[in-house]
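Residues per chain, in single letters:
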Amino acid sequence: MYRLLIVDNEEYVVNGLVELFNSDEHQELEAAGAYSAAQALNVLMTTKMDIVITDIRMPGMNGLELQKIIADRWPYCKVIFLSGYDDFSYAQEAIRNGSVNYILKTEPDNVIIDAVYRSIDVIRGEKETQNVIEKAQNQLKQALPALQREYLQSLLIGDKQAYQSLDSQLEQLN
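Residues numbered from 1 in each chain as written. Predicted model: local features only at pLDDT ≥ 70, side-chain atom pairs only at ≥ 80, totals over all residues. Heavy atoms only, no water.

Draft legend 1. Quick peek at the side chain of asparagine 101. For asparagine 101, the position within the fold is in strand β5 (residues 101–104). According to the relative accessible area criterion, asparagine 101 is buried, its value standing at 17%. Residues contacting asparagine 101, with those up to four places away along its chain left out, are Val79, Ile80, Phe81, Ala115 and Arg118. (Helix = DSSP H or I, 4+ residues; strand = E, 2+ residues; numbered from the N terminus. Buried < 20%, exposed > 50% of the residue type's maximum accessible area, 1.4 Å probe, protein only. Contact = heavy atoms within 4.5 Å.)

Draft legend 2. Fine view of helix α3 (residues 63–73). Every buried residue belonging to α3 is among Gly63, Leu64, Leu66, Gln67 and Ile70, and all of these are buried. Seen from one end, α3 has its buried residues packed into an arc of 155 degrees, which puts them on one side. (Arc of directions from axis to C-beta.)

Draft legend 3. Structural context of the sheet that holds strand β1 (residues 2–7). Within the open sheet, the five strands sit side by side as β2-β1-β3-β4-β5. Their pairing is parallel. Where the open sheet ends on each side, the last strands, each with one partner, are β2 (29–34) and β5. Averaged over all neighbouring strand pairs, the angle between strand axes comes to 20 degrees, with direction disregarded. Most of the contacts of helix α1 (residues 11–21) go to β2, to which it runs at about 170 degrees, and overall it touches β1, β2, β3 (51–54) and β4 (78–83). Relative to β1, helix α2 (residues 37–46) is tilted by about 160 degrees, and along the sheet it contacts β1, β2 and β3. (Pairing = 2+ DSSP bridges. Axes fitted to C-alpha atoms, helices over the stretch in contact; angles between N-to-C directions.)

Draft legend 4. Quick look at α2. Taken together, the buried positions of α2 are Ala37, Ala40, Leu41, Val43 and Leu44. Each buried residue of α2 lies within a common arc of 160 degrees when the element is viewed along its axis, so the set occupies one face. Projecting away from the buried face of α2 at angles above 90 degrees are the exposed residues Asn42, Met45 and Thr46.

Structural data, given as structure tokens:
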């Protein structure tokens, strides 16, 4: 299950998207709403969210400021901007800060839905990569005592190559 947070100061936008994503068609999603960036931060403090759809222009903290906080505190959370402004500078800053998409509010629902599912694909890919890295680290931990023993034996028998790479080998083998 993936958690989705929709943030916009326009209640009908939030309510409509929460209803859309909580429908039976999107069973792998659990959507929640927030009507301000401050309210969104409160939700994010208590609930891990995978994806945030946020407006850029909101009273108080805007979506770009919210995105920076999300990127600092929850680096794996994907941010999609939903904006009423077709302003290149907003889109450019959003992308530079790590946004995965910038969608205009005038676009049909399927564009928003596609963006969310593309974000899910990115999340899955990142998790798979992380799993491969963790598996490799575990294998290295298991092999480390044997590698250490083998290196020590080569030093004891006077292997010239072992002496030449002594510092780097000791560091690699802890």
